[in-house]
Every structure is written in C-alpha cells, then in structure tokens.
Amino acid sequence: MFEFFQKSRSVLGMNARNLEFIRPHNPKRAKEIADNKLLCKSVLKKNGIFVSGLIAKIKTATELEAFDWQTLPNSFALKPNRGFGGEGIIVVYGKKKPARPSASMSETLRAGNGFATGDAGGNHNDAWIKADGSLITIDDLKNHIRNIIDGSFSLSNIPDIAFFEERLQLLRFFKPYTYKGIPDIRVIVFNKVPVMAMLRLPTKESSGKANLQQGAIGAGIDMSSGTTTTAIQGKSGFIDTVPGTRLLLSGLKIPYWKDILTLSVKAQEVSGLGFLGVDIAIDKERGPIILEINAYPGLSIQLCNKTGLKERLERVRGLQIKTVEKGVRVGMELFGGEIEEEMENISGKKIVGSSEKIKFTLPDGKEIEVLAKIDTGAYSTSIDIELAKQLGFGPTLESFSQIDLSAYKLLPENESLIKKDFLEKHKEKIPFLEDVAVIFSSSGSSLRPVVKIEFKLDNEIVSSSANITDRKNLKYPVIVGKKDLRKFLIDVNK
Amino acid sequence: MENDIHPIISFFIREGVPLKTVILILMLPLIATLIALLRQVFGVKAFGIYTPLIITFAFLATNGIRYGIFIFVAVILSGMIMRFVLKPFRLLYLPRVAIMISVVAMVILIMLTLGGSLKRTGLAAVSIFPILIMITLVEKFIAVQIEKGNKIAFKLALETLVISIAGYYLASWEFLIKFLAIYPWTILFTLPINVLLGKWTGLRVSEYLRFREIIKKS
C-alpha cells in the first residue's frame, strides 16, 4: 500500500497541474493567446511559425449577411474562435454541384432579375459535403455561424467570432489509421523542453474528431524516436490495434518528428506559456502545422504513454535551456525510452571482421595477442591446448587427461546425461573446471573441458566459457563462437 | 439545550432572527467546505460549488428529501429529452434554454397536480422556491451538455445529486445542529481547512483509480 502511494508521485493530477504548473508558469496574457485562436494564429505567424491558412472571419450578424459565399473554396473548416474541446467545428470536404433542374431554374430566375448568371454563383442551393457524407447548405452554415457569434460554443457564452480555415490534407501515412478527419500530435512542453507526446487518431466513435473525450485513439510516443508505444481509446481502455482492423498502434514512426518537437518548443517561446500542450497536424504538402495551443492540457496523455507526467516535469523544472535546439535535444535524450535504447544498442555494436586479433592477459600480468577466427557456425568459443597452458590451465588439462572417458558414449541424445555424470564424479578433482562440453563434429565427437576466460575483442571485454581442444594443426589457435558475439556485428569484408 | 445555546445565538434570536435561519446560515460554510473537500481530495466534481449548495438548501426546504430527489431527477430527465427534441431546430442558446425551462416548468406543474390527485399531498405541498431553484438547474445542465457532451453532463448531474444528498443529511443531523448552536465559532475552522485544500497538490481519489495502470507499472 505504501509502495502504491510512493509510486503514484510520478503521476500528475488536476490539483498539482493547476497549482504547481499552470498557475506559476502561465501568465494571464499568454493564456489569452491560447484561448483566442485567431490571435494565436497571428502571433505564431508573425514569428514565422506555420499555421493553417485563414480564409475569412465573421464577427457580426451584419458581416454574416454581407458575406460572399463564393469566396469559399471546396473544402474548409469552420470554427468558433474561442471554442474548446473541438466543439462547434464543421469540416467540409467538397462542394456539391447543384443538381441540373434546380440550377437551370435558378439561372432563369436570376436572369429575369437582371443578375449575372454563371455556374453556381451566390446560389442558395449551394451545398458542401461533410465528413459523414451529409450535406450542409449555406442556410445551415449561416445558422451555425449565428450560434457561434452568439457564443454558444465559447466558455461562459461570451459573444464570439466565426472563422473559415483551410482544410488540411491527410498524409497518406496516416490514412489506414484514420477515420475521416485528420490525426494530430499533442506535445506537452515545459520550460522549453518537450516532455511528453501523443498521437491522436480520429475514430468512428469520435465522428472524425481527434479528441480523446469524444472517443478518439491516443497513442503514446517515445520522445527520442517519435515511435508510438501504447495506446488508449477514449478516456480509458488500452488497445493494441485500430478497432476493427489488425493495424498495430505501436511502432508507428511519426514523420517529421524532430520538426514537430522543434515547432512545439518554438510555439511555447512565442506564446509565453510556461506549461502547455501544442497540437500539431501534418499536412500532405506543407508538413507539420500548428493547429492550436492549449494552456490547460489534459491529463490523459499519461495513460497513452503509461507514464506519469509529474516526474518528467520535475526533471525539467529549473533547467537552463537557452535555445530551441537544446530544448528539443534534452527532451529527446531524457524521455526517449526503451525503443531508443534498443536502437542505440544496434547502432552501437562494434563491427568485427571474420578474423580478429584478440588479447589475453597472462597470469603474470602480460598481455598476449592471438589471431582468432570469428565463427558464427560455432556456438561456443574454443581455445588451443597450448594457449590454455599459457593462460594457466595446465593443471586442469593434466587432471582432465587422467580421467578415463571411454565409458561415455558420445551421442547427441546422451549429452546432458554425460555432462551431469561427469561433473558429479570429477568436478571437484579438476582445478578451474567450469563445465564440460560435448562437441559433435564431422571430424569426430569429443568431450572437452570448459574453463572461464576473459579476452578483449576490439577493446570490448568478453568473458566467456571456452572449451579447450587441440588446435595445433589449425590456422587459428582460437575460434570465437556465437555465444560471445552478441555485442558485435560481423562484416565479412573487413 | 436551551440553556447551553451560545450567547451570540441567543442574541440573534432576541433580535428576531429565527433559530432555524441562524443554523442554516451557519451550515453554509460547512457544506461549502464539504463540496470543496469532495472535489479536491475525492475528485467528485458536480456542477461547481453553487449548484450543489443551492440544491442542498432546496432539499432542506422541501418537506422530505424524496420529493426533492424526485423533482431533481425529473428536471434532468426532461432536460435530456428536450435536447434531442430541440436539436433539429438549431436554435440559438438563450431561446433554446428558455424553451427548456418552460417545458420543465410544465412537467413539474403536471407532476405536482398528478401527485395531488393521487393523494400524495407531500409533493404538492413543496414550497415554490425550492421548485424554482431546481427548474433553473436545467440551464446548468444544458451548458455542461454543450461544453462536455451528454455523458459528462449526466455524470456531473449524478454527482451533484449525491453531494446534495450528503449535504442534506449533514445539515439535518441533530447532533451537528445542537453542536453549532452551542459552539457557533467552530465554523471558523473551515477557513484553515479550506486554505489547506487550496494548497493540496496530491492526487485525487478518482485519479488514483484513473491512473492505476501507470501507478502499478512504474
């Protein structure tokens, strides 16, 4: 029980978020930028940060009446300026061509009225297609905008501004994972360091919105590699695959990862918020783009990552970070998890050739160098009798040779029995004996003594259990087997 | 008991403030503190602090808590149903709330009449102010529904109900009423308690549950 509470300290709760992080680090003016999408857009843009393009904004009912609907492109997003939680957003994907009869009718009507005729101009039959395939007409849009202006979607219903924004294009990479909508990446930035991130994928449940509360998928991201780890759907419930498919949610490598982190730290700098969530989407053509910034980032990101945020924030608190690059680097280094370590291991492996000089330390402290064959065909390492004697295993060999081995039938099926029997009977008598090895080879089977040795291969210390055999007539006094090659990659050209 | 009453309360009574009123006012900080405690330490959210507080007093003012609960549930249910009914009309916010309040008011009126005709006079005898308070609850409910969705609005309504019931029993606890009459100054203890709550940065009980997977793992 005590342990449970001890461990729970790594988790960030609502109380600590508000009191320890938002209150002291997010000044009021900065929060205003985060809450006001249009202001945020212009502040970011002024500072050279990519944001989605603004098409038009509508502030009053008069502006709404005067609005020229023909300026709207085929696809766009309509948003409330002070909306939150993704409410009040309408996204359309295409314009519906008016059906022929109505078009010709309205054309004649307009011609009669003396208005200019043309393809769908100013036509109230105009309609756009929404994510779910349903149509939305200009009247519907007008009504929605009236609601926005009236403050239906803003906190405490303050009058608001409606704006049209360019719709982002879905990156092909995300297509199989996404239901309608556009996935986005939430990065929590604190003290110029990106500390935690998640990928949010719209689902059917969330009706195409990348919002966890509405049922979107959230996948945790390893900070250094940008690879997804664990995932949840909605506010809880861990899942492995995209529902209804076999697509794994882990191991997705997010494109432009470093750019995304850089962008998020820049956004923090510009906004003046000390602790924030930055939402970034990737456009097919323009790459990573900031959607919005959030002064009150939610806590579910901890579940997606199966990691507490508080611990990470505390590690970053008070660090002196001067540049954006440094912040990104610190975040990647501190919060890169197991995946990265694995990769480092792979890339950090020493590369050796098929024959290498290895170094032994003799009992008198001198080092000797011998040529060894790097042999992935052998399981364990073998050394020559002469070398073994030099290394001080003379008594071992002497005692070993005095034992009568003829009683053992060297067949693969007897191996474990032989070993057990031999060790029980003789291990005590033979100095330094570690084990015995039963070797089956084309040149005949043999029972060999095994001793513990240590050598240096390419300056890596390898401790090994090597068997001793007569290699007098062979080219190499040592072969290094698979068992001792785990830390190396073999390049046959070397 | 009469003799034990604190002089200051006797003074209030002498000046014409009814004892019941004095006790209710003294209960106010206690219930408010209870609500703050439930939010900060247990994670029971409800509709802020005002709504559960006022509903608690509405319960106290109805004769018998079950009528109060009955009206509360009726208000929330009709609010939920009305939202679906009104959705296709795409109305602006305030007119929409006005319609809802009208409908809820009608529903309550019908309920009271039905209750009366079924000889459940207790329901009809509920005084008008608690009823009015609960009818206006519907606005809070709709606001949350728009901001956070149906599920959360329903959850918060339920939490509000639970807190209000707890508050009701706290405020009608004989022992506590007597205690406050004798030691009215003890309510000042709510101040340091709230200062502590206001500085409390630990996880809430609900968060221990929510993040148990992480805590178990790390």
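What counts, and at which threshold
Residues numbered from 1 in each chain as written. Chains lettered and ligands numbered in written order. Predicted model: local features only at pLDDT ≥ 70, side-chain atom pairs only at ≥ 80, totals over all residues. Heavy atoms only, no water. Contact = heavy atoms within 4.5 Å. Buried area = accessible area lost by both parts, 1.4 Å probe. Salt bridge = Lys/Arg side-chain N within 4 Å of Asp/Glu carboxyl O. Helix = DSSP H or I, 4+ residues; strand = E, 2+ residues; numbered from the N terminus. Nonpolar A, V, L, I, M, F, W, Y, C, P; charged D, E, K, R; others polar. Expected span 1.5 Å × (residues − 1). Bend = angle between axes of the 7 residues up to and from the residue. Buried < 20%, exposed > 50% of the residue type's maximum accessible area, 1.4 Å probe, protein only. Axes fitted to C-alpha atoms, helices over the stretch in contact; angles between N-to-C directions. Parallel < 35°, antiparallel > 145°, perpendicular 65-115°, else oblique. pLDDT = per-residue confidence, 0-100. Core = buried A, V, L, I, M, F, W, Y, C linked by side-chain atoms within 4.5 Å.

Caption draft 1: Looking closely at the interface of chain B and chain A. Taken together, the contact pairs 25 residues of chain B with 34 residues of chain A. The largest share of the area that chain B buries against chain A comes from Arg90(B), Arg210(B) and Ile214(B), three residues that together contribute 22% of it. At the junction of chain B with chain A, the criterion picks out zero salt bridges. The set of elements that each furnish at least two residues to the side of chain B that touches chain A consists of helix 7 (128-148), helix 11 (205-210) and helix 12 (212-217) of chain B. Take the side of chain B that touches chain A: its biggest share by element is five residues, from helix 12 of chain B. Of the residues that constitute the side of chain B that touches chain A, the class distribution is 11 nonpolar, five polar and nine charged.

Caption draft 2: Summary view of helix 13 (residues 385-401) of chain A. All names here are of chain A. Taking 1.5 Å per residue as the helical rise, helix 13 with its 17 residues ought to reach 24 Å, whereas the 12 Å between its terminal C-alpha atoms falls clearly short. Where helix 13 bends most, the angle comes to about 120 degrees, and this point is Gly-392, followed within four residues by the proline Pro-395. Every buried residue belonging to helix 13 is among Leu-387, Ala-388, Leu-391, Phe-393, Gly-394, Thr-396, Leu-397, Ser-399 and Phe-400, and all of these are buried.

Caption draft 3: How the structure looks around the packing of helix 3 (residues 28-35) of chain A against helix 4 (residues 37-46) of chain A. Residue and element names in this part refer to chain A. Orientation of helix 3 relative to helix 4, taken along the N-to-C sense of each, is 105 degrees, at an axis distance of 5 Å. Relative to helix 4, the element helix 3 lies roughly perpendicular. Across the interface between the two elements, Glu-32, Ile-33 and Asp-35 from helix 3 touch Lys-37, Leu-39, Cys-40 and Val-43 from helix 4. Here the residues of the contact of helix 3 with helix 4 are counted per class, giving four nonpolar, no polar and three charged.

Caption draft 4: Geometry of the confidence of the model for chain A. Residues and elements named next belong to chain A. Here chain A averages 84 in pLDDT, while 90% of its residues score no lower than 70. Ranking the elements of chain A by mean pLDDT puts helix 6 (residues 100-113) last with 42 and strand 7 (residues 184-190) first with 96. Across residues 100-122 the pLDDT falls below 50, and counting only partners more than four positions away or on other chains, this stretch makes 17 contacts in the model.

Caption draft 5: Layout of the nonpolar core. The biggest cluster of nonpolar side chains holds 72 residues, and the ones touching the most others in it are Ile185(A), Leu199(A), Trp257(A), Ile290(A) and Ile293(A). Once residues within four sequence positions are removed from consideration, Ile290(A) is found in contact with Leu44(A), Ile49(A), Phe50(A), Val51(A), Ser52(A), Leu263(A), Ala267(A), Val278(A), Asp279(A) and Ile280(A).

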